[in-house]
Amino acid sequence: MTGRSRTRLDRVRGSLGIAQLALQQIEDDLSADDIDAHELAAIPRELQEDIDVPGGLPFAQLVSTAARRAEQLEPDRAGDASCHLHEAAALLTDNAGQRMNWAARALHPQGDLT
């Protein structure tokens with residue numbers, strides 16, 4: 001591992017630490033005693049609408065980025081790594097994303113809080 005890749009890995013680790021703190025705040029909000037169905041329904045919607053990938057999730061977007069980069073690095077473009085990463089991103093987006101939509105609709109069918 002080169003010094004540059006070690007620095008990159010350190011940045012990723014630091015960013016993950018920041019993300020974990022942010023996720024802990026969201027988890028605390030989700031666990032609050034005073035959250036109602038309307039507000040709870042808005043949170044999964046917010047998780048999906050805050051990114052550029054239609055129907056996607058932030059983590060799926062990162063996995064897709066890794067897959068695209070893996071395509072460039074794989075010997076003979078065999079797809080040994082990128083295929084699995086693309087499939088993981090698709091499962092996150094299609095499967096988890098759709099289920100989050102269904103849950104939000106079940107909690108509050110009228111839509112967003114706004």
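Residues numbered from 1 in each chain as written. Predicted model: local features only at pLDDT ≥ 70, side-chain atom pairs only at ≥ 80, totals over all residues. Heavy atoms only, no water.

1. Brief notes about the confidence of the model for the protein chain
Applied cut-off: You can read pLDDT as the predictor saying how much it trusts each residue, on a scale of 0 to 100. Comment: elements are numbered from the N terminus, with helices defined as DSSP H or I runs of at least four residues and strands as E runs of at least two.
When the pLDDT values of the protein chain are averaged, the result is 82; 88% of them are 70 or greater. Across the protein chain, the element-wise mean pLDDT spans from 79 in helix α2 (residues 37–49) up to 89 in helix α1 (residues 3–31).

2. Side note on the side chain of Ser82
As a reminder, the rule being used: Note on exposure labels: buried denotes an accessible area under 20% of the residue type's maximum, exposed denotes more than 50%, and partly exposed covers the range between, all computed with a 1.4 Å probe on protein chains only.
Note that Ser82 resides in helix α4 (residues 82–107). Since its relative accessible area comes to 5%, Ser82 is described here as buried.

3. Brief notes about the packing of helix α3 (residues 58–73) against α4
Heads up, the condition is: To define axes, lines are fitted to C-alpha atoms, for helices over the stretch in contact only, and angles between the resulting N-to-C directions are given on a 0 to 180 degree scale. Should an angle lie under 35 degrees it is considered roughly parallel, over 145 roughly antiparallel, and from 65 to 115 roughly perpendicular; all remaining angles are considered oblique. Handedness of a helix crossing follows the sense of rotation of the near helix relative to the far helix, less than a right angle counterclockwise being left-handed and clockwise being right-handed. Whether two residues touch is decided by their heavy atoms; if any such pair falls within 4.5 Å, the residues are in contact. For this classification, Asp, Glu, Lys and Arg are treated as charged, while Ala, Val, Leu, Ile, Met, Phe, Trp, Tyr, Cys and Pro are nonpolar and the rest, including Gly, are polar.
Closest axis-to-axis distance for the α3/α4 pair is 8 Å, and the angle between their directions is 160°. Taken as axis vectors, α3 and α4 run roughly antiparallel relative to one another. Considering the relative orientation of α3 and α4, their crossing is left-handed. Along the contact surface, α3 presents Phe59, Ala60, Val63, Ser64, Ala66, Ala67, Arg68, Ala70 and Glu71, while α4 presents Ser82, Leu85, His86, Ala88, Ala89, Leu92 and Thr93. Classifying every residue of the contact of α3 with α4 by side-chain character gives ten nonpolar, four polar and two charged.

4. Observations concerning the pattern of salt bridges
Two side chains bearing opposite charge may form a pair once their charged atoms approach each other closely. We apply this condition: By convention in these notes, a salt bridge is any Lys or Arg side-chain nitrogen within 4 Å of a carboxyl oxygen on Asp or Glu.
Summed over all chains, the structure comprises one salt bridge. The salt bridge involving Asp10 is made with Arg13; its shortest N-O contact spans 3.9 Å. Pair noted here: Asp10 and Arg13 are both in helix α1, with a separation of three residues, about one helical turn. Take Asp10: its relative accessible area is 43%, and that puts it in the partly exposed class. Here Arg13 falls in the exposed class, since its relative accessible area comes to 53%.

5. Things to note about a positive patch on the surface
Put simply, the test is: Each patch is built from residues lacking any salt bridge and having more than 30% relative accessible area; the joining distance is 9 Å for like charges and 5 Å for nonpolar side chains (Val, Leu, Ile, Met, Phe, Trp, Tyr). Accessible areas in this description were obtained via Shrake-Rupley with a 1.4 Å probe; residue shielding takes into account the shown protein chains only. Asp and Glu count as negative and Lys and Arg as positive, but His and the ends of the chain are not part of the count. For charged residues, the charge sits on one atom: NZ in Lys, CZ in Arg, CG in Asp, CD in Glu.
Residues Arg4, Arg8, Arg11 and Arg69 make up a contiguous surface patch of positive charge. Ranked by residues supplied to the positive patch, first place goes to α1 with three residues. Residue placement: Arg11 occurs in helix α1. Judged by relative accessible area, Arg11 falls into the partly exposed class, the value being 49%.

6. Looking at the side chain of Glu74
Tracing the sequence through the fold places Glu74 in the loop between α3 and α4. Among residues more than four places away in sequence, those in contact with Glu74 are Gly79, Asp80, Ala81 and Ser82.

7. Re the environment of Arg105
Its place among the elements puts Arg105 in helix α4. Here Arg105 falls in the partly exposed class, since its relative accessible area comes to 46%. Considering only alpha carbons, one finds Arg105 and Ala42, 63 residues apart in sequence, at a separation of 9.4 Å. Discounting residues that sit within four places of it in the chain, Arg105 has contacts with Arg45 and Gln98.

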